[in-house]
Amino acid sequence: MDQLSVKTGKRQELMDITEETQQYISNNGYDHGIITIYCPHTTAALTINEGADPSVGRDILVSLEKLIPHRGDYRHTEGNSDAHIKTSLVGPSVQVIVEEGRLMLGTWQKIFFAEFDGPRTRKVWIKWIEG
Amino acid sequence: MDQLSVKTGKRQELMDITEETQQYISNNGYDHGIITIYCPHTTAALTINEGADPSVGRDILVSLEKLIPHRGDYRHTEGNSDAHIKTSLVGPSVQVIVEEGRLMLGTWQKIFFAEFDGPRTRKVWIKWIEG
Amino acid sequence: MDQLSVKTGKRQELMDITEETQQYISNNGYDHGIITIYCPHTTAALTINEGADPSVGRDILVSLEKLIPHRGDYRHTEGNSDAHIKTSLVGPSVQVIVEEGRLMLGTWQKIFFAEFDGPRTRKVWIKWIEG
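Chemist: So what about the interface of chain C and chain B? Which residues, and what values?
Modeler: Facing 27 residues of chain C, the contacting portion of chain B comprises 32 residues. Roughly 2,500 Å² of surface becomes buried between chain C and chain B when both sides are summed, with 59% attributable to carbon and sulfur atoms. Area buried by chain C at its contact with chain B is led by C:Tyr38, C:Ser88 and C:Lys127, which between them contribute 22% of it. Counting every contact that joins chain C to chain B gives 3 salt bridges. Linking C:Asp73 and B:Arg58 is a salt bridge whose minimum nitrogen-to-oxygen distance equals 3.7 Å. Linking chain C to chain B there are 15 residue pairs in polar contact (both at pLDDT 80 or more). Taken together, the elements giving at least two residues each to the side of chain C that touches chain B come down to strand S3 (33-38), helix H3 (81-90), strand S5 (93-99) and strand S8 (121-130) of chain C. Ranked by residue count, the leading element in the side of chain C that touches chain B is H3(C), at 6 residues. Taken together, the residues of the side of chain C that touches chain B break down into 14 nonpolar, 10 polar and 3 charged.

Written out as structure tokens, the structure is:
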């Protein structure tokens, strides 16, 4: 297992970590298998979506915010219940196929770290399974 | 890695791809392991849910539509922001255990390709990990 | 593949299954790899979130209930459409990295069985992949 570091700059943000992930695979000489990218935090998640137009990420965050507002009927007293809820909806990890040393992503796909309670310095764990 | 083709017929649709997935496993003589089924598109996802009553799929799509309407306060100008958002909520892949050459699904479970911006011809990527 | 049994006590509930999962890994002497925890039901899911403050789980369930109410414009006649929809949003499985025989969870993370249509006796399937 290895660890990447992600420094987010806003309370909510989708950060593209595709390059770092590909770099990690290339540096280790991994060839064929599956890479699991895992978020060890409870107010941030991982997702795969369009990376070409930043409006897509903006639309995702604004829509989630409308459905699960920052301030609401919450009992958790740390003021970040919305971030916990979004985390369970988006999910803690993504799995991406690797062939001939390349992340197999669709034409428009990028891997995003989804920050819901930043800005913070965050960790991402990466695990390689050959196959 | 291999590829299945899925032809969707509506803008939004849950297409049962369980049979094709099982066929793929059988054709390859796979025995014990995990199969990852991955959607390389950014306006479609994969999910597992009840397959016996088609009303379940209808209820899923109608509810998602209510929460994330086709037309809304979106900046992405292609008119399919709702599809991108739903994709991040439902998720880009599913993992299913395989034992003795059979997909280990619960009694009512089927694997669905979730189309959110069709109709289109779509790809699904499949990766086998033995274990 | 192995099976855990989970007995839920309410219609909706997040049950912490971290201990049982760690016990399973320890009993089998598993060392390095990935564990897939899979829910074979269509009205329950798996998620990872904060386990220290039970209010987080309560906030997740109450917010989901607000978005996808128990009674609504549903066609599925069993009265549990909301549970099916929540299941597709939260997801059927989680993958957790294992290092030196320990589940690699973040400081605040616990693994939860998310019951959306209980109380019932439920099954959880576990699959180990070494790597």
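Chemist: Please provide a residue-by-residue account of unusual backbone geometry, values included.
Modeler: Along the chain, A:Gly118 connects to A:Pro119 via a cis peptide bond; the corresponding omega equals 0°. Looking at where A:Pro119 falls in the secondary structure, it is placed in the loop between strand S7 (109-115) and strand S8 (121-130). Of note, C:Glu100 is a non-glycine position whose phi angle comes to about 50°, a positive value. Counting through the fold element by element, C:Glu100 comes out in the loop between S5 and strand S6 (102-103).

Chemist: Before we move on, could you go through the packing of helix H2 (residues 54-67) of chain A against helix H3 (residues 81-90) of chain B and cite the residues and values that matter?
Modeler: Running from N to C, H2(A) and H3(B) point in directions that differ by 70°, and their axes come no closer than 9 Å. Classified by the interaxial angle, the pair formed by H2(A) and H3(B) is roughly perpendicular. Read as a crossing pair, H2(A) and H3(B) show a hand that is right-handed. Residues A:Val56, A:Asp59, A:Ile60, A:Ser63 and A:Leu64 of H2(A) pack against B:Ser81, B:His84, B:Ile85, B:Ser88 and B:Leu89 of H3(B). When grouped by side-chain class, the residues that make up the contact of H2(A) with H3(B) number 5 nonpolar, 4 polar and 1 charged.

Chemist: Now, about the packing of aromatic side chains: what can you tell me, with residues and values included?
Modeler: Residues and elements named next belong to chain C. Under the defined criterion, the tally for this structure stands at 9 aromatic pairs over all chains. Considering the side-chain rings of Tyr38 and Trp125, the 6.0 Å spacing of their centres and the 15° angle between planes classify their relative orientation as stacked. Of this pair, Tyr38 sits in strand S3 while Trp125 sits in strand S8, and the two are 87 residues apart along the sequence. Like Tyr38, the residue Trp125 is buried in the burial classification.

Definitions and cut-offs
- Residues numbered from 1 in each chain as written.
- Chains lettered and ligands numbered in written order.
- Predicted model: local features only at pLDDT ≥ 70, side-chain atom pairs only at ≥ 80, totals over all residues.
- Heavy atoms only, no water.
- Contact = heavy atoms within 4.5 Å.
- Buried area = accessible area lost by both parts, 1.4 Å probe.
- Salt bridge = Lys/Arg side-chain N within 4 Å of Asp/Glu carboxyl O.
- Polar contact = N/O pair within 3.5 Å; in protein donor to acceptor, adjacent residues only side chain to side chain.
- Helix = DSSP H or I, 4+ residues; strand = E, 2+ residues; numbered from the N terminus.
- Nonpolar A, V, L, I, M, F, W, Y, C, P; charged D, E, K, R; others polar.
- Axes fitted to C-alpha atoms, helices over the stretch in contact; angles between N-to-C directions.
- Parallel < 35°, antiparallel > 145°, perpendicular 65-115°, else oblique.
- Left-handed = near helix turned anticlockwise from the far one by under 90°.
- Phe/Tyr/Trp six-rings, centres within 6.5 Å; stacked < 30°, edge-to-face > 60°.
- Buried < 20%, exposed > 50% of the residue type's maximum accessible area, 1.4 Å probe, protein only.

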